[in-house]
Structure formats: structure tokens, C-alpha cells
Amino acid sequence: MAEANPRTPAYLREHGNHLKGEPSLYLRQHAHNPIDWYPWGDEALAAARAQDKPVFLSIGYSSCHWCHVMEHEVFEHDDVAVFMNRHFVSIKVDREERPDLDAVYMDAVQMLTGRGGWPMSVFLTPDLQPFYGGTYFPKPQFQQLAQRIVDVYRSQRGELEKQAAEMAREIARRGDLDPGGGDLARSLVAAAVAKAKEQHDATWHGFRQQQKFPTPVKWRWLLHEWRRHGDPELAEIITGTLDAMQAGGLQDHVGGGFHRYCTDPAWTVPHFEKMLYDNGQLAGLFLEAGAVMGREDWTATGLDVLDFLLREMRDPRGAFYASWDADSGGEEGTFYVWDRAQLAAAVGTADGPVLADLLGVSAEGNFEQTGSSVLTRRTDPAAVAAHHGRAEDEVRGLFARHRGTLRRVRAERTPPGLDRKIVASWNGLVLAALAQATALTGQRRWLEAAEEAADHLLEVHRQEDGSLRRTSEDGRTAGRGILDDYAFLAAGLLQMHQVSGDPRRLAQARELADHARSRFGRRGGGWHLADDETDAPLGRTVEYFDSVEPSGGAVMVNLLLDLAALTGEASYRDEARAALGACGRLLADAGPELAWWLEGAGKLLWSHFEVVVAGEPGAPDTEALRAAFLR
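Residues numbered from 1 in each chain as written. Predicted model: local features only at pLDDT ≥ 70, side-chain atom pairs only at ≥ 80, totals over all residues. Heavy atoms only, no water.

Caption draft 1: Region of the structure containing the overall build of the protein chain. Scanning the protein chain for helices and strands turns up 27 helices and 15 strands. Each principal axis of the C-alpha atoms in the protein chain carries an extent, and together these give about 85 × 65 × 45 Å. With 631 residues in all, the protein chain has 58% of them scored as buried. For the protein chain, the share of sequence-separated contacts (at least 6 apart) that also reach a separation of at least 24 residues comes to 68%. Averaging the coordinates of the 68 positive side-chain charges in the protein chain and doing the same for the 92 negative ones gives two points 1 Å apart. (Helix = DSSP H or I, 4+ residues; strand = E, 2+ residues; numbered from the N terminus. Buried < 20%, exposed > 50% of the residue type's maximum accessible area, 1.4 Å probe, protein only. Contact = heavy atoms within 4.5 Å. Lys, Arg positive; Asp, Glu negative; His and termini not counted. Charge placed at Lys NZ, Arg CZ, Asp CG, Glu CD.)

What follows is the structure, given as C-alpha cells:
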């Protein structure tokens, strides 16, 4: 008689499943689920083949609200676990560790359902071909689905495997898509700018969407197009959007930094995660826009974001953490919202009502019918002053005077979770913004923070063969670096070099760029997302589209063009031109969805400037010239 499986739900709750000890916080959060989760790897894949079971693949990340919901509603239940452990090999993947796997299987989910998101739930054959998928499933629906899949796997396996094989072939074809060559022309860039104008939300600003994502890469590109051509309509669109992001609920006015996106078109109620990649990019966007449009308030916002990163997202060894969770004590947003009584208790009954009006906190509230409000900075201080019979100057300074108090009071609440994972590519975005801050202000503390972070990343993430590891926590690395890690980190180092003049940073950027060219290159031009040694069950994909982050390929194009200008190495320029030329038709069709590719096209199609500061290093007149140029 066969022995019963000792890995019961009770055993797994007490002793942990195969995720125990993983470096990823997201995986460790599931390590004592009663589901016998595996991390992605040889052990799990061998178990699926040996037991001839389908694979249930669940992909998410630690700061994802709906990932937590599905865990609590589905994965923590013993009846679900008993069924899944009997019939499936269940694998958990942190999308921030393995974005290449996430990209491939997200293609499958979008093909099957027409939409995507996280948590991602995909069912695979033992040889990892997808045959069904979706995102969040409530418990009854998930149980019905799992039972149906087991029934079909038993009774119609041949048809299921045929369907899975065809889907795998289609995903592989997409991964090696010919984006269509074509000539680069200034008219192509102009058409993309016109398309961005058409997509602009004339009422609330940003782009016309129900949910408002900041997409800083698009606005950075449009800012550069405005700087090049001086289009007044483009200036109005950029100004309206940055003002909307700065004044609405997207920005955490008390603690600093920006949330991930807003759930309404008016930029009022955010989804409360704070991601490093958003904040690194938004800091740079607001710093540059503030400088070139003469908006000191935008400059202050950019610097405030960097202060927030240094204060609340920085590892003691200098690099920056991945994210703050959306949830606080199991509820979304409760750490951040206020009602009028709470404000009065924090700052006193004299200033409390004035501050509430200044911050858009009404009696009915704007957050989930609780009477609480997400803070905004949209109210006219003059009107508030008149309503309360207070001096306008006093009211204008009221929030700044009480901000520290509000932050201290808020710190006594249950805080959201902090994912201390360090992601190489996201840190590269922050390096660039910190270097910009020193260029703009002349204060070296920003650049010094970048230097410390860069040294840590290169020491911990770079391997002896020149390759990068994607993530680390407490010095323990995980995941092979993807194209984004090499390109973003190299671009950040190059920005540091241009501010500091340190030749080491230029050399380091070249080394990373050259490694990426040799290991990620794609036949016909451009680069794959994963290197040539990464396990790619459905083939290596190519990511062209910019999203909340720029495409790694687009960053590579701009990196190589900048390196060509700085070093005189023509092969960098030739490779960038080939990559752009290989996707000319896609650039024409997609327009602003490939914003940072268009940024590179602009560098080829219009003149760029090379500045040489000649003088004795360190001499006052030399440094004055450098400072003027950097500003």
C-alpha cells in the first residue's frame, strides 16, 4: 500500500513549501501557503514531467494588491491546496525577477482573454506550453476552472496539447516578429507627435484612459520635441499633464514620491503602490521640465521625489529598494488617506479646517465612501484664505509648515510593506535622475548618492564574466539580467559621467553596453529581452513597446548613440541606426507607443551638440563653465 503524501496542508503551513528560503519577498510571502509551490527551475519542471501533471503557473509581485487578494481568497485555503497538490505542479514566479517569463506568458493570456494583468494565472502542459490563462480568479471560479482543466486533461489531452502547441508556435513567432523596416524621416516623428496630441485628454490631461498612468517616458520624449521645435500646443499639453500629476492624488503630498497610477480619469484616487521605476523617471521628468520651462515648483517636486527615495527606499549600502506595497494592514490606501477630524487632531483646531480645505478633504470624502480623502493640492489658496478670513500668504505656507507634523502622525499608522529587493535596471533610472539633480542644483549630495548606489550595484550584481544579475536582497542575487538591466544601468552611469567627468563611469557604461550587444543581439537588428543563456521555454522575445518603463531596446538605441557621440566609435551609431531602421514600419504605425525609439530617431534626424569645456581641472573658471553648461 502506497504511503500517504506527508506534505499535507498542515505540514506545509508549519514547515513551508519549496519557496522557503527564496530571495524574493513575493515568493517568501507564499512560502507557508498550503499549496506546495515551487520556484521556477529544474526541480519543478522535472517534477511536472516525471509526474505527468499539468503546471499551474502564477506570476505576480510583492506590492500587487490583487495578488494579495487572490492569495488570501484562494491559495490559503486547504480545500484548494489539496486539489492543486494532487493534480498540478504549482509554480510561483516573481515578475520582477523574471520579466522575460512574464512577457512570454502574458502574451498567452492576452491571446486567450484579450487582456492582461496580475496576478497572472496560466495553465501549461508538462513541457511548458500554455493552454489556458487569466488573471485574478475568485475562489469558486478558480475551483471550477481547475476541476474543468483536470477533466479535459484526462479526456481530451490530445486536442489540448495540439491547441497548446499552436499557441506556443504563435508566441514564438511573435517573439521573432519582423517589425518592418523603413526609412527614418522627420515626418515619421512629426506624425507620432500629432498622434500623441490626438490621444491627449483635453479635460483632465494625460492620455485618454479610464485609469491614468503617468507614463513618464512619453512625456520626456514630448518635452524634448517641444525643446526642439517650440510648439505652443505641445507646451500646453505637457504643462497641463505635469500640473495634473503634481496636484492630484498621484503624488503623495505628505510623504513624497508618486503612486503607481490613478484609478479615475481625473487623477484623484491612486492605486497606492509606489514603484522605484516610476519615481526615478518622474524625478528626472520634473527636474528637466522645471529647468527648461522655468517652473520652480516642478523642480521642487523632482527634488522632493529624490529626497523621498533617499529617506524611505534606500538600502544602507546605497542602492534603492523596489517598491512600497499598496496595502496597509490588509487594506488598500488606509496609510495615506485623511478625514477632517484627523487633520484637526494633528495640527490643531485652528489650522485643521483651513488645511482640510487646502488639501481637498471634504466631509463626504473622495475615497471609497469612507469619509476619508486622498490629499490633493488643487484648491486655490486665495479662495481658502478668503473663506476662513485668513491672510493669503499665511494660508499658502500652511501646508509646508505642517507637513512634518502630518508625516510624523502618519508614521504611527500601520505602514505598507516594503519590498527590499534591489532591481538593477530600476536603480539605473534613479542614477540618471540623481546625476541630473546635481547638474541642476550644483549640490554634490545627489551625485554622491548615485556614486554609492552605482558602486554597490557593480560590486554585487556584476559577475566575473561581465554579466549582470537582475535582483539582490541583502547581497544575495537572483535572476539573470535582462536587456533592461544592462541598458538602464549603463545609461545611468553615462549620465553620471557627463555630470562628474569621471572616466570610470564611461568605461563601465561601455563594458555593459558591449556585453549586451554580444549576448542579446537579434538577427536583423535590435536585441532580445533575454540573453542567449537564459532558459526560454517558448523562445526569446523582443520587447519594442514602451510602457511604464521604456523598452530596453529603445534605451539601447539612445545609449549607443550617446556613446558614439562621446567616444567617436562609429560602430555604436551604426548598430543603433540598424535597430531603428529594422522597425521603421512599426514606428510609423505605433507612434507614441514607441516614444523612446522615436527619441533615438530624433538624435539621428536632427543635430545634436557636443560641448568641450577647456581649462585647468578644478580651477574656479573651469568649474564655473562646467556648472553653467550642466544647468
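Caption draft 2: Layout of the packing of aromatic side chains. Following the criterion strictly, the structure yields 20 aromatic pairs and no others. An angle of 5 degrees between the planes, with centres 5.5 Å apart, marks the rings of phenylalanine 272 and tyrosine 336 as stacked. In this pair, phenylalanine 272 sits in the loop between strand 7 (270-271) and strand 8 (274-275) while tyrosine 336 sits in the loop between strand 11 (331-332) and helix 14 (340-347), placing the two residues 64 residues apart along the sequence. Taken as a pair, phenylalanine 272 and tyrosine 336 share a single burial class, namely buried. On the basis of an interplanar angle of 90 degrees and a centroid distance of 5.6 Å, the ring pair of phenylalanine 272 and phenylalanine 367 is categorised as edge-to-face. One end of the pair, phenylalanine 272, is in the loop between strand 7 and strand 8; the other, phenylalanine 367, is in the loop between helix 15 (352-358) and helix 16 (381-388), with 95 residues separating them in the sequence. With respect to class, phenylalanine 272 is no different from phenylalanine 367; both count as buried. One aromatic cluster is present, formed by Trp37, Phe56, Phe75, Phe88, Phe123 and Phe142 through successive ring pairs. (Phe/Tyr/Trp six-rings, centres within 6.5 Å; stacked < 30°, edge-to-face > 60°.)

Caption draft 3: The arrangement of helix 23 (residues 552-567) in detail. The end-to-end C-alpha distance of helix 23, which contains 16 residues, comes to 22 Å, matching closely the 22 Å that a straight helix rising 1.5 Å per residue would cover. Most of helix 23 is tucked away, with 12 of its 16 residues classed as buried. Listing the buried residues of helix 23 in full gives Gly552, Gly553, Ala554, Val555, Met556, Val557, Asn558, Leu559, Leu560, Leu561, Leu563 and Ala564. Contacts made by the buried residues of helix 23 are with helix 21 (483-500), helix 22 (503-520), helix 24 (570-582) and helix 26 (595-605). At the N-terminal boundary of helix 23, the capping side chain belongs to serine 551, with an oxygen 3.1 Å from the backbone nitrogen of glycine 553. The first or second residue beyond helix 23 is glycine 568, which carries a positive phi of 75 degrees. (Expected span 1.5 Å × (residues − 1). Polar contact = N/O pair within 3.5 Å; in protein donor to acceptor, adjacent residues only side chain to side chain.)

Caption draft 4: How the structure looks around the pairing of strand 14 (residues 469-473). With respect to burial, strand 14 is a largely interior element, 4 of its 5 residues being buried. Pairing between strand 13 (residues 422-423) and strand 14: 2 bridges, direction antiparallel. Residue isoleucine 422 lies in a different strand from strand 14, and its bridge partner there is serine 472. In this structure, the hairpin formed by strand 14 and strand 15 (residues 476-480) is closed by a connection of 2 residues, where aspartate 474 is found at a positive phi of approximately 55 degrees. (Pairing = 2+ DSSP bridges.)

Caption draft 5: Spotlight on the nonpolar core. If you look at the biggest cluster of nonpolar residues, it comprises 146 residues, and the most contacted ones within it are Phe142, Trp221 and Trp597. Aside from chain neighbours lying at most four places away, what touches tryptophan 221 is Val189, Ala192, Val193, Ala196, Pro592, Ala595, Trp596, Leu598 and Glu599. The next biggest cluster of nonpolar side chains, apart from the first, holds 26 residues, and it includes Ile59, Ile91, Tyr105 and Val122. (Core = buried A, V, L, I, M, F, W, Y, C linked by side-chain atoms within 4.5 Å.)

Caption draft 6: Region of interest: the sheet that holds strand 8. As summarised here, the arrangement of the 3 strands in space is 8-9-12, forming an open sheet in which the pairing is antiparallel. Each edge of the sheet is formed by a strand with only one pairing partner; in this case those strands are strand 8 and strand 12 (418-419). Judged from the 2 bridges that link them, strand 8 and strand 9 (residues 323-324) form a sheet pairing that is antiparallel. Within strand 9, the position partnered with methionine 275 by the bridge is serine 323.

Caption draft 7: Here's a closer look at a nonpolar patch on the surface. The grouping of Phe609, Val611, Val613, Leu625 and Phe629 at the surface amounts to a nonpolar patch, some 520 Å² of accessible area in total. Within the fold, valine 613 resides in the loop between helix 26 and helix 27 (620-630). (Patch = residues over 30% accessible without salt bridge, like charges linked within 9 Å, V, L, I, M, F, W, Y side chains within 5 Å. Areas by Shrake-Rupley, 256 points an atom, 1.4 Å probe, with all protein chains shown as cover. Salt bridge = Lys/Arg side-chain N within 4 Å of Asp/Glu carboxyl O.)

Caption draft 8: Expanded view of unusual backbone geometry. A cis amide bond, omega 5 degrees, links tryptophan 118 with the succeeding residue proline 119. By secondary structure assignment, the location of proline 119 is in the loop between helix 6 (99-113) and strand 4 (120-124). We note that leucine 128 has phi near 75 degrees; this positive angle belongs to a residue other than glycine. Within the fold, leucine 128 resides in the loop between strand 4 and strand 5 (130-134). By relative accessible area, leucine 128 is classed as buried at 7%. In this structure, histidine 205 is a non-glycine residue whose phi angle is positive, near 70 degrees. The topology assignment puts histidine 205 in the loop between helix 9 (186-199) and helix 10 (216-229). On the accessibility criterion, histidine 205 (22% relative accessible area) is partly exposed.

Bear in mind that shape data such as this cannot, by itself, settle questions of function.
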